[in-house]
Amino acid sequence: MSGRDGSSDSQRDLLAELGYREDALQQASEIISQTDQSFIEQIDDLLELVRDVVGTDYATFSCVEDDTHIFEAVDVPADADLQAGETVPLSELPNCKRVVESERTLVLRDVEAEATELADPTWGIACYLGAPVFAGDEVYGTFCFYGMEARTEEFSDWDVTFVEFVSNWVNSQLAQREREQSLRDAKLQMEAAVEAGTVGTWEWHIPDDQFVSGPSFAETFGVDPDAAREGVSLDQFVSAIHEADRDRVERRIEEAIESGGEYEEEYRVWNEDDELRWVIARGHVECDEDGNPVTFPGALIDITERKHAEQQLEALNSRLKRSNERLEQFAHAASHDLQEPLRMVSSHLQLLDKRYGNTLDEDAHEFLEFAVNGADRMRAMIDGLLAYSRVETQGAPFEPVDLNDVLADVRTDLQRQIAESGAEMTVETLPQVEGDGHQLRQLFQNLVENALEYSGDEPPSVHISAERERQEWVIAVRDEGIGIEPADRDSIFEVFHRLHSRVEYAGTGIGLALCRRIVERHSGDIWVESERGEGSTFFVSLPKSQT
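Here's a quick rundown of the structure. Note that the structure is a prediction, hence the values are computed from the model and not measured.

1. Concerning the overall build of the protein chain
Within the protein chain, the regular secondary structure consists of 16 helices and 19 strands. Counting only residues that meet the buried cut, the protein chain has 45% of its 547 residues in that class. Within the protein chain, residue pairs in contact and separated by at least 24 positions form 61% of the contacts whose partners lie at least 6 positions apart. Accessible surface, the protein chain as shown: approximately 28700 Å² in total, 45% of it carbon and sulfur.

Given below as structure tokens:
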């Protein structure tokens, strides 16, 4: 619905993207886990999955013998003249040839524009994402995805990572298809990737100190990818770890080797661009029959963005805590230092009127009335500020709350006002939400009171309904009153902001600000849709109950 804070949509988009990635990784895991299928049958399923993820029309898995490119598995359009088993000269596929010769992943959104020398007149490949696959130390062939039209958008980092992730599994199967550890490693990689979407894997051969990793992992530690593929000493990777974290990481590695168990550690590392990145490393030590540690495979996750977000949130929470402390100090002053002199002023004004009322003229009586009313308004404002300041600190724990019961109580409290105004109030069946029952009652009582107050010359008409949206409920309080100018839709939720004079409408200017603070405590949102003279609808989003 319109009028809501755009950050909510951004959060939903991010959650949707993470959910999509998790689903893709889960599907890949299920395919890899199908040990009753042949290797080529698994490859066929993976080609279809990855092609759909990266958004291309063609997907092929091929081997290269001498200068011949052999298509072992394909997933292509029905009208494409290409089948598994076909062979072509490698020279006809300059993109695949580049991957084989460079032993690196090749990513091209527009072949003609980005690498003219790789444009081929025979096939007409216009966009390309391909990774090399290895059998031992030698390039076996390619795992690639391409189309006959240039892409309007770049292949994303996630696309590249996902292709490399699947190609790494292919590498392990080509090296030793029956090796049970390849399945465990693939699952470990996917479990790590679900959290962050950035995957790097390693395998450390402990006796000869050979640490082998993929290109993205090596680059994160500033290590040459070609050397890392062959195997380097563990020290080359450890030396890139931030000096404040290095000793701790080395101790945890030693503990994992001694225990032959699991390993997980979070630390900072300097990458090849001399940038400091946050990572989580997860792995486990494998031992031989005599209990001697032999290999140490694992996976790496880049959590830099998450860490930055956590740091920003921590700073924000710190500022919020200080703000709440100041607000509490004000609440204390308002409760003890302002209320008492205000009561004294009000009582002395009333005493003055009682004792000398017969001797005062009409103007003096009017002045006294103004003064008493002003003191009453001041007291109401202080009470409102106290309620506003205590939403967070004196709220009750959350529990399932039936909004039908809440609105029934509100109608009872406002029964006299509803009857005197001749209001028509209808309430649809409302949901159960997680929250503070007392504060939710205060929230909806304020909204209904506003609807009754600003009804204009006609008897008030108030309608309350609810609509479910994903993991939350959106409650609408609609009236047919005087309405609000579009320019005032946001400002009405500010403390002391009034659209009308006190002569026209009573009130402290705190009610809607209090509503927003209550909704924010409930991790929800509040907004209004209105036009001048056309009534108003206040919307409140609240998380649905988990029970």
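From this point on, the discussion continues.
2. Focus on the environment of Glu420
By the element assignment, Glu420 lies in helix α14 (residues 415-421). Expressed as a C-alpha distance, the spacing of Glu420 and Pro459, which sit 39 residues apart in the sequence, is 9.6 Å.

3. Some thoughts on the packing of helix α2 (residues 39-54) against helix α5 (residues 157-175)
The geometry of α2 relative to α5 is characterised by a closest axis approach of 10 Å and an angle of 175 degrees between their N-to-C directions. Comparing their axes, α5 and α2 come out roughly antiparallel. Where α2 abuts α5, its residues Phe39, Gln42, Ile43, Leu46, Leu49, Val50, Val53 and Val54 lie against Trp158, Asp159, Phe162, Val163, Val166, Trp169, Val170, Gln173 and Leu174.

4. What to know about the packing of aromatic side chains
According to the stated counting rule, one finds 22 aromatic pairs in the structure shown. Measuring from centroid to centroid gives 6.2 Å for Phe493 and Phe538, while their planes differ by 80 degrees, and the two rings are edge-to-face. On the criterion of sequence distance, the pair formed by Phe493 in the loop between β17 (472-479) and α16 (511-521) and Phe538 in strand β19 (residues 536-543) is long-range, its members being 45 residues apart. Summarising the aromatic geometry, the rings of Trp527 and Phe539 are spaced 5.3 Å apart at their centres and angled 20 degrees between planes, so their arrangement reads as stacked. Residue Trp527 is located in strand β18 (residues 525-530), and its partner Phe539 is located in strand β19; the two are separated by twelve residues in the primary sequence.

5. Focus: the sheet that holds β17
An order of β14-β16-β17-β19-β18 is seen for the five strands of this open sheet, with the pairing classed as mixed. The open sheet has two edge strands, β14 (424-427) and β18, and neither has a second partner. Across the sheet, the mean angle separating the axes of adjacent strands is 20 degrees when strand polarity is ignored. Strands in contact with helix α13 (residues 403-413) are β14, β16 (461-469) and β17; relative to β14, the strand with the most contacts, it is inclined by about 165 degrees.

6. Let's talk about the sheet that holds strand β2 (residues 68-75)
Strand order in the open sheet formed by six strands is β3-β2-β1-β6-β5-β4, and the pairing between neighbours is antiparallel. The two strands at the open ends of the sheet, each matched to only one other strand, are β3 (87-89) and β4 (106-108). Strand-to-strand, the axes of this sheet are offset by a mean angle of 25 degrees, without reference to chain direction. Along the sheet face, α2 touches β1 (58-65), β2, β5 (127-135) and β6 (138-147) and points at about 75 degrees away from the line of β2. Each of β1, β2, β4, β5 and β6 is contacted by helix α3 (residues 94-102), which is oriented at about 40 degrees to β5, the strand it contacts most.

Parameters and conventions
- Residues numbered from 1 in each chain as written.
- Predicted model: local features only at pLDDT ≥ 70, side-chain atom pairs only at ≥ 80, totals over all residues.
- Heavy atoms only, no water.
- Helix = DSSP H or I, 4+ residues; strand = E, 2+ residues; numbered from the N terminus.
- Buried < 20%, exposed > 50% of the residue type's maximum accessible area, 1.4 Å probe, protein only.
- Contact = heavy atoms within 4.5 Å.
- Areas by Shrake-Rupley, 256 points an atom, 1.4 Å probe, with all protein chains shown as cover.
- Axes fitted to C-alpha atoms, helices over the stretch in contact; angles between N-to-C directions.
- Parallel < 35°, antiparallel > 145°, perpendicular 65-115°, else oblique.
- Phe/Tyr/Trp six-rings, centres within 6.5 Å; stacked < 30°, edge-to-face > 60°.
- Pairing = 2+ DSSP bridges.

Structural measurements only, silent on function.
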